[in-house]
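# Report on the structure
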Amino acid sequence: MNDVNEFLKEMVSAPGLSGYESPVRKIIETRWRPLVDELQVSKVGSLEGLKKGSGSKPRKSILLAGHMDAIGLMATRVVNGFIYFTQVGGVDPRVLPGQPVHVHGKELLEAVVIQPPDFLIPGHTAGAPVPMEHLVIDTGLSADKVAELVRPGDIISFAQPPFELSGDTLAGHTLDDRAAVAAITICLQELQTRIHKWDVWAVATVQEETAYLGAYTSGFGLEPDLTIAIDVTHAKGPGTSESDIATLGKGLVLGWGPNIHPKWYEAFQKAADEMDMRYQKDVMPGHSGTDGYALQIVSTSRPNMVISIPLRYMHTPVELVSMKDIRRVGRLMAEVISKLDEDYLDKLDWEGNND
Amino acid sequence: MKDLIKKLVETPGPSGYEEQIRALIRSEVAPFADEIQVDAMGSLIVRKGCKTGAGKRIMIAGHMDEIGVMVTHIDDNGFLRFTSIGGVFPHTCIGSRVLFMNGVKGVIYTETITDYKSMPSLDKLYIDVGASSREKCPVSVGDSAVFDRPFLDMGDRIASKALDDRIAAAIMIESLKQVKDTPNELFFVFTVQEEVGLRGATTAAYHVDPEIGIAVDVCDSGDTPKGEKVAVSLGKGPTVKIFDPYIVSDKRLIEWMIETAEKHSIPYQREVLIEGGTDAAAIQLTRAGVPAICMSIATRYIHTPSEMVDMHDVENAVKLLTALLSSTTEL
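Computed from a prediction, not measured in an experiment: that's the story for all the values here. (Residues numbered from 1 in each chain as written. Chains lettered and ligands numbered in written order. Predicted model: local features only at pLDDT ≥ 70, side-chain atom pairs only at ≥ 80, totals over all residues.)

## A short note on the overall build of chain A
Short version of the rule: Numbering of helices and strands runs from the N terminus, with a helix taken as a DSSP run of H or I at least four residues long and a strand as a DSSP run of E at least two residues long. Only the C-alpha atoms count toward the radius of gyration. The rule for a globule is 2.2 Å times the residue count to the power 0.38. Exposure in this text rests on C-beta crowding, where 20 or more other C-beta atoms within 10 Å of a residue's own make it buried, 12 or fewer make it exposed, and counts in between make it partly exposed. The C-beta atoms are placed from the backbone. By the criterion used throughout, residues are in contact when their C-beta atoms, derived from the backbone, lie within 7 Å.
Along its length, chain A carries 10 helices and 17 strands. In terms of overall dimensions, chain A is globule-like: its C-alpha atoms have a radius of gyration of 21 Å, near the 20 Å expected for 355 residues. Expressed along its principal axes, the backbone C-alpha trace of chain A runs to roughly 65 × 40 × 40 Å. Every one of the 355 residues in chain A was classed for burial, and the buried ones make up 52%. Nonlocal contacts in chain A, meaning residues at least 24 apart in sequence, comprise 77% of its contacts between residues at least 6 apart.

## As for the packing of helix 1 (residues 3-12) of chain A against helix 2 (residues 22-32) of chain A
Residue and element names in this part refer to chain A. We count it as follows: Interaxial angles span 0 to 180 degrees and are taken between N-to-C directions of axes, which are lines fitted to C-alpha atoms, for helices over the stretch in contact. Roughly parallel covers angles under 35 degrees, roughly antiparallel covers those over 145, roughly perpendicular covers 65 to 115, and oblique covers all other angles. Two helices that cross are described as forming a left-handed crossing if the nearer one is turned anticlockwise from the farther one by less than a right angle, and a right-handed crossing if clockwise.
With their axes 9 Å apart at the nearest point, helix 1 and helix 2 run at an angle of 160° to one another. Judged by the inter-axis angle, helix 1 sits roughly antiparallel to helix 2. Relative to helix 2, helix 1 is oriented so that their crossing is right-handed. Residues F7, E10 and M11 of helix 1 form the contact with helix 2, whose participating residues are V24, I27, I28 and R31.

## Observations regarding the sheet that holds strand 8 (residues 125-128) of chain B
All names here are of chain B. Note the cut-off: Here, strands pair whenever DSSP counts at least two bridges between them.
In space, the 6 strands of this closed barrel follow the order 4-5-8-7-6-9, with antiparallel pairing throughout. Direction aside, the axes of adjacent strands within the sheet are offset by 45° on average. With 3 bridges connecting them, strand 6 (residues 97-100) and strand 9 (residues 144-147) associate as antiparallel partners. Residue F100 lies in a different strand from strand 9, and its bridge partner there is A145.

## Some words on the interface of chain B and chain A
A common measure of how large an interface is: the accessible area buried when the components associate. So the rule is basically this: Amino acids outside the nonpolar list (Ala, Val, Leu, Ile, Met, Phe, Trp, Tyr, Cys, Pro) and the charged list (Asp, Glu, Lys, Arg) are all regarded as polar, and Gly is one of them.
Contacts between the two partners involve 20 residues from chain B and, on the opposite side, 24 residues from chain A. At the level of secondary structure, the elements contributing two or more residues to the side of chain B that touches chain A comprise strand 14 (239-244), strand 15 (247-248), strand 16 (269-272) and helix 7 (279-284) of chain B. Taken together, the residues that form the side of chain B that touches chain A break down as 14 nonpolar, 2 polar and 4 charged.

## So, the domain arrangement of chain B
Residues and elements named next belong to chain B. Basically, it comes down to this: Annotation comment: domain bounds sourced from an automatic or database domain assignment.
Under the domain assignment, chain B is made up of domain 1 (2-66 + 161-326) and domain 2 (68-147). A C-alpha centroid distance of 31 Å is found between domain 1 and domain 2. Between domain 1 and domain 2, the contact holds 12 residues from the first and 12 residues from the second. Residue composition of the side of domain 1 that touches domain 2, grouped by class: 6 nonpolar, 3 polar and 3 charged.

Here is the structure:
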């Protein structure tokens with residue numbers, strides 16, 4: 001199973017900003033092809049893999065969504081050879097100065113994000129974080145050359161390579177949410193040797209960070225009967241609040257709240273207990289901030305679940321996850337899926353018991 | 001084209017109350033349409049052409065609603081308190097005049113200003129319609145109004161309220177007239193309630209079920225003194241929207257639009273908008289997903305009673321839209 005580490009590292013070494021996912025989609029396509037019966041790309045670019053179940057037709061289907069898009073930057077203006085930029089998805093400007101980036105201009109350019117000295121920023125308090133509008137990107141090229149190669153709207157991706165830390169952990173950018181794509185891949189691998197009656201749609205969604213686009217559209221187009229959104233959640237670390245309950249490496253996180261069907265939730269809790277697998281419960285009282293929101297409210301709706309992988313330093317180029325947690329998510333989903341009876345939905349009773 | 005724009009901007013139509021502007025647009029498009037529908041929310045859906053060969057079903061969306069105000073309370077002396085319909089800012093209100101849908105006009109002012117350095121919030125402002133008491137007030141709670149400001153022709157440039165987004169209506173009407181041969185089935189949709197959350201485009205796109213979505217809207221211009229820092233200026237051509245916080249435009253459509261502009265020697269600008277969204281975002285999320293993009297007109301002073309655009313941009317936008325709709329693209 002260690003090759004999943006390599007796969008995840010390969011994924012987070014690739015760009016794939018929201019709307020520009022094709023580099024990472026190709027990597028996932030290659031990996032999923034032998035694991036699924038059909039593979040297709042949605043109208044807006046999500047990768048949809050179908051692993052057929054053994055139940056009688058018409059078969060019920062379950063959709064697993066992990067988003068493959070990455071947060072990043074986009075050039076807004078080029079002034080005197082320096083590139084000003086905005087964010088694609090939520091980027092914390094405090095972590096940007098000093099970061100290596102790739103500018104995807106007419107050529108791929110290595111570059112760094114720099115902050116001007118405090119006294120050059122109008123109305124700026126010395127020592128305070130520099131707002132994004134004052135940060136610039138330096139490619140080292142002459143002003144003429146930059147003007148020729150870089151235009152407003154060119155995307156800029158993080159260039160920080162992933163690296164393994166001790167304790168089976170991995171640091172890098174875009175582990176939100178390619179860690180989930182890795183978990184879905186583990187689930188597909190597990191299902192190769194198991195019998196499952198339901199069809200399984202593994203979906204690497206696009207543009208979650210900007211619009212939940214992939215979840216809305218695959219959730220509509222594939223007409224699933226059950227859904228799971230797999231995402232990351234803040235793990236305890238410096239600066240997290242007491243309500244951030246998840247601890248890195250201490251097990252996957254089962255979401256609980258209005259985005260989640262309470263009886264569908266129980267299936268995961270029960271399976272985890274039976275597998276003697278550690279899990280933590282995450283209270284999501286409002287919008288879960290995941291593809292799960294879109295999956296729940298699109299078309300006629302269906303029971304949705306949100307599973308999270310604890311992650312420290314979210315939306316920075318050094319997100320940190322435990323590989324153990326990722327493997328747990330993959331195995332738990334495979335267990336739940338293989339236990340789905342053909343009449344599971346008929347028994348999914350709000351009021352009564354589900355067994 | 002200025003006559004058409006003048007008619008369009010001077011007809012009131014705050015979000016949810018688009019009857020008058022819809023009737024005007026309907027009369028303008030009727031001679032050129034193959035089919036006209038009004039959906040349950042009030043969007044005007046105008047079809048032209050049928051799909052042949054590699055043609056596509058394309059939805060072109062421009063919103064016909066505009067920002068405005070709605071009365072929330074009338075006091076004993078006939079002064080009206082109001083709330084905003086869409087993004088209305090206090091600094092553009094004080095001293096402005098408003099036109100109610102029943103024809104009544106009023107002026108907006110503020111409670112006594114004690115601190116000239118800070119801007120009063122909307123709840124400190126009121127509308128005076130010249131009534132001496134609540135009983136004599138010619139409007140009621142729930143009545144809506146738009147800003148009242150005549151169309152201003154400055155030659156190359158024009159200024160008015162509601163150029164956001166009647167300028168799109170003008171461009172779409174012109175383009176509808178000019179598209180002669182098209183392999184596409186075109187749906188020119190004049191949407192409602194964009195200013196309060198892209199609502200008309202959401203339902204119209206579900207109904208039309210397009211393969212490609214093109215919104216036409218306004219975007220900030222970066223060419224005013226110490227203004228927005230965006231690389232878009234008046235007079236340098238319509239924009240190809242690449243990004244705003246609500247949409248990452250479809251890469252294939254960005255290429256299509258740029259190639260078409262270059263092929264026809266139409267100037268264009270690459271737009272990266274830091275704030276705001278358009279109907280394109282709603283279209284993209286429709287059903288199983290619709291590749292979508294927006295073409296914008298660089299506009300100064302958006303959401304004020306004196307929005308300003310350059311007529312060259314408007315004319316080039318008509319050319320670009322017409323060229324796009326007369327061709328097609330692979331997805």
